[in-house]
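The lines below spell out each chain.
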Amino acid sequence: MKKIFAFVLSIIMAAACMAACSPSNPAPTSDADGKTVKVGICNYVDDASLNQIVENIQARLKEIGGEKGVAFDVSYDNCNADANLLTQIISNFIADDVDIMIGVATPVAMAMQAATEDNGIPVVFAAVSDPVGAGLVESMEAPGSNVTGTSDYLDTAAVMQLITAADPDVKNIALLYDIGQDSSTAAIAHAKEYLDANGIAYGEYTGTTVDEVTLAVQALIADGVDAVFTPTDNTIMKSELSIYEMLQEAGIPHYTGADSFALNGAFLGYGVDYAALGVETANMAASIALGGAKPADTAVKTFDNGCATINTETCEKLGFNYDEICKAFEPFCTKIQSIVTAESFDEVK
Amino acid sequence: MGLDQILALLQTALELGLISSLTVLALFLSYSMLNVCDLSTDGCFTLGAVVGAAVAISGHPYLSIPAAMLAGVASGFITAILQTKMGVNSLLAGIIVNTGLYSVNIAIMGGSSILNMNKADTVFTAVKSALAKINLSEQYKLAVAAAAVVIIAVLLGLFLKTRLGLAIRATGDNPDMVRSSSINPVFTTIIGLCVANSFTALSGCLLAQAQKSVNIDIGGGMVTIALASLLIGNVFLGKKKMPLRIAGMVLGAFVFRLVYTIALRFNMPAFMLKLVSSVIVVAAISIPYIKQQLPLIKRRLESRKREGNANA
Amino acid sequence: MLRVDNITKSFSVGTETRRALDGVSLNVKKGDFITIIGANGAGKSTLFNAIAGSFITDSGTISLDGRDITLMSEYKRAHSIGRLFQDPMRGSAPGMTIEENLALAAGSGKWLSRVSKRDRELFREKVSMLGMGLEDRFDQSVGGLSGGQRQALTLIMATINPPKLLLLDEHTAALDPGAAEKILRVTDSIIREHNLTCLMITHNMQSALELGNRTIMMDKGKIVTDVSGNERAALTVNDLLLRFREISGKALDNDRMLLI
């Protein structure tokens, strides 16, 4: 009996705690009229690309706030791939009466979609590779409900062209990815189509943890492939720092779908500029929260994948001449930039 | 912060707590009763989620529940056979099945790693429309979760009083005695693990349908959370009779979620929550233990003081 | 009732192999009450394990009431064979109540049946026979009972459905003299009441000669002496010692055996 009583008492105290506290994130930068817009951002896991997006979103929102004289009260959390936690974080956002939610990566976007079915809080997703395939929007042009956002859809064929441009004799390409990653599924399928159409052999090497990826890379080196391709795969992203030296020593270039891979030592990152993606996401969120735009009519924004980021250190180790490579890639890229190996983008700026 | 919002938060904690309490009940059966540490829980939870989602997406929301439970039975059966007939140690058997289930789960998802049920009918949506008539549609998740838990808990309580249930309890307590009573402990272990895993799979199925999506990580860490909830529940109602013990399990799961909710309100970053849950479990177990030891500690301190005075 | 025919069993401990049972043959008639004595390591408990089915013998046959049980698993044999161990904790499940333990042992009913009122009455009747007051504590967990009480409970559990054969492996050895005497008395009355066939291992030479109708001595995995009837009635403890020395060629210097 005593224990039950103690328990009931603690529930009441818990409720009181919840009433008493309100999220105390960095105080909203209130300028001028002091209209406050509450934003809830949730990230899926910690990795360079996703973090880059979040940083840019927050920075851009602050800018917009300054321009428009509005204060953005941003709550940020990271669920570390825990589904239950994700639900609780989102429910926390709703309890705080956020005006808009931003979900980074597909699982978060899907959970937010489910949670806002009834209350209609607008959801802006960032970095979802295939919004239509994931059921988040009805079509890219007209999402049709309260969910819209930015997509880092990867133009796989373009990356393949870069591979053949750099090495016209390429015979065997390794497809390195995590079969459990939603972001890789469509891209790998397109890659296979392209390679089949062009008569280039390929092999699939997969891993679900950093250890398994390392083993997969050892296997592909032993198989003597000419190049490796990875789409925007979070697992391989986490493993890049562990594998890039092995690939450098074996003389195998690693072509990837995001510049954060190149940051961590891959030969080439080709695809979306995640900083730009972050900025656009913030723009979209602001226009919905402030400008009265409706998510149902706001088209999902994709990005011209044209930016190639080459890691000069790796380039050298692989025996390529940087200028020759740039010339070979020029027809296929809108922009070529170089980068050196580091742990975060801050170090190389 | 208004009462509405507190209630909403409590409701989410209760919904999640109820759904995961099914796994806690499963572990209650396999760990507390049968004395088997079943490490296949994570994989089985995901299996239930994936099978339930696949069946719901193909248009049969109600069938998803028995389908998920049957999948759980199959998983439990294999785990049981490994440890009773194939000479594999019970911890290892759970790990082996867990690893194998990863591949099976991805295969069921058709090679992709995420399934979206937003457009599909689920058990929850069906109940939602039914409840709309009596104006309780906000509570539909709670209703389904509560109904599931009540049914399973009652069935479990009744089951544990039957001859088979007693035999399963005895198997974890004293397998020799089970043999002397002319019952085959292999049989009871198999039944016990099958039933327990069917609960776990049901739990996964409900979570997936409640959040309308499934991804391969959905079961990650479930066994730890469930064991922690089990221990918390034990602290409150561990020594009572069976029906109260079962209620204690559900309570433990809810308390666990509640702790997370409070921590999130205090703005604790999500990665700290695992540390918080460890602290809670330690507190739940050690505080009563230390309270028990307190008289002895006091006596030791006093005697030391007396010795100190005598020597001074 | 029980026919054991030239059974052998070897165990390997590390690199050595030890012959625990070396060609043991035994013919037990219905109603026999046989006491078994021998030095430690003679093979007495191993013989019981072989009969009960804790392991399957390497060779030889065992048949119970005409049925060949040589290859039958232990739990199946438990239908007809009841067993008590020296360790009073082994026979009952400590986490469950007295009533639940009895329900399992009684073995009636299908899998999904619950304890009926009639069952409870039966249990109460049997347990009150012990005179220990346990019939009023049916809802208490067995873990809280003393060694003597648990052994008494195990005795009831083993005989609630009278078995064809009862194996008692020094079942009073771990109890204090008062409890031991009580248990022996109850054992005796149950055996008499149901005319049970019983094998009892004991270290008490006096009891070995006083109880039952037949005494067996084992040494090094073999049966070395088998006395009954008048021959047995005339034996004293000293006689047994002498006989043992003759057969095994060494003095029986196990102190415990000499204590009365």
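Residues numbered from 1 in each chain as written. Chains lettered and ligands numbered in written order. Predicted model: local features only at pLDDT ≥ 70, side-chain atom pairs only at ≥ 80, totals over all residues.

## Topic: the overall build of chain A
Assigned secondary structure in chain A consists of 13 helices and 12 strands. Within the span of chain A, comprising 349 residues, buried residues form 52% of the whole. (Helix = DSSP H or I, 4+ residues; strand = E, 2+ residues; numbered from the N terminus. Buried ≥ 20, exposed ≤ 12 C-beta atoms within 10 Å, placed from the backbone.)

## A look at the domain arrangement of chain A
All names here are of chain A. Assigned domains of chain A: these are domain 1 (25-153 + 274-289) and domain 2 (156-272 + 305-348). In this structure, domain 1 and domain 2 have C-alpha centres spaced 29 Å apart. Between domain 1 and domain 2, the contact holds 12 residues from the first and 15 residues from the second. When contributions to the side of domain 1 that touches domain 2 are tallied by element, the ones reaching two or more residues are helix 2 (48-68) and helix 10 (274-289). For the side of domain 1 that touches domain 2, a count of residues per class yields four nonpolar, five polar and three charged. (Domains from an automatic or database assignment. Contact = placed C-beta atoms within 7 Å. Nonpolar A, V, L, I, M, F, W, Y, C, P; charged D, E, K, R; others polar.)

## Topic: the pairing of strand 7 (residues 165-169) of chain C
Residues and elements named next belong to chain C. Among the five residues in strand 7, five count as buried, and that is most of the element. Side chains of strand 7 alternate between two faces, with Leu165, Leu167 and Asp169 and Leu166 and Leu168 buried alike. Alignment of strand 7 against strand 8 (residues 197-201), held across five bridges, turns out to be parallel. Residue pairing for strand 8: Leu168 is matched across the bridge by Met200. What joins strand 7 to strand 8 is helix 6 (residues 177-194), and the crossover it makes is right-handed. (Pairing = 2+ DSSP bridges. Right-handed = clockwise from strand over helix to strand, strands pointing away.)

## Re the pairing of strand 11 (residues 307-311) of chain A
Residue and element names in this part refer to chain A. Burial within strand 11 is extensive, with four of its five residues counted as buried. Relative to strand 11, strand 10 (residues 268-272) runs antiparallel, the two sharing four bridges. Bridge pairing links Tyr270 to Ala308 in strand 11. As defined by bridge partners, strand 11 adjoins strand 12 (residues 335-339) across five bridges and the pair is classed as parallel. By the bridge assignment for strand 12, Thr309 is matched with Gln337.

## A look at the interface of chain B and chain C
Listed as interface residues are 18 residues of chain B and, on the opposing side, 22 residues of chain C. Only helix 7 (163-173) and helix 8 (175-180) of chain B provide two or more residues apiece to the side of chain B that touches chain C. In terms of residue count, the dominant contributor to the side of chain B that touches chain C is helix 7 of chain B (seven residues). Of the residues that constitute the side of chain B that touches chain C, the class distribution is six nonpolar, six polar and six charged.

## Comments concerning unusual backbone geometry
You will see that B:Ser182, though not glycine, has its phi angle at about 70°, which is positive. When you line up the elements, B:Ser182 lands in the loop between helix 8 and helix 9 (185-211).

## Looking at the arrangement of the chains
When the two pairs of chains in contact are ranked by number of contacts, first place goes to chains A and B. Separated throughout, chain A and chain C approach each other most closely at a C-alpha pair spaced 20 Å apart.

## Some points on the sheet that holds strand 5 (residues 67-68) of chain C
Residues and elements named next belong to chain C. Taking strand neighbours across the sheet as the criterion, the four strands line up as 2-1-4-5 in an open arrangement whose pairing is antiparallel. Of all strands in the sheet, those bounded by a partner on one side alone are strand 2 (16-28) and strand 5. Where strand 1 (residues 2-13) and strand 2 come together, 10 bridges link them in antiparallel fashion. The partner of Phe11 across the bridge, within strand 2, is Arg18.

## Points about the nonpolar core
Membership of the largest hydrophobic core comes to 267 residues, with the highest contact counts inside it found for A:Val104 and B:Leu25. Here this core takes 16 residues from helix 1 (residues 3-33) of chain B, the largest share from any one element. Both domains that furnish three or more residues to this core are identified here as domain 1 (25-153 + 274-289) and domain 2 (156-272 + 305-348) of chain A. Discounting residues that sit within four places of it in the chain, A:Val104 has contacts with A:Cys42, A:Asn43, A:Tyr44, A:Leu50, A:Ile53, A:Val54, A:Ala126 and A:Ala127. (Core = buried A, V, L, I, M, F, W, Y, C linked by C-beta atoms within 7 Å.)

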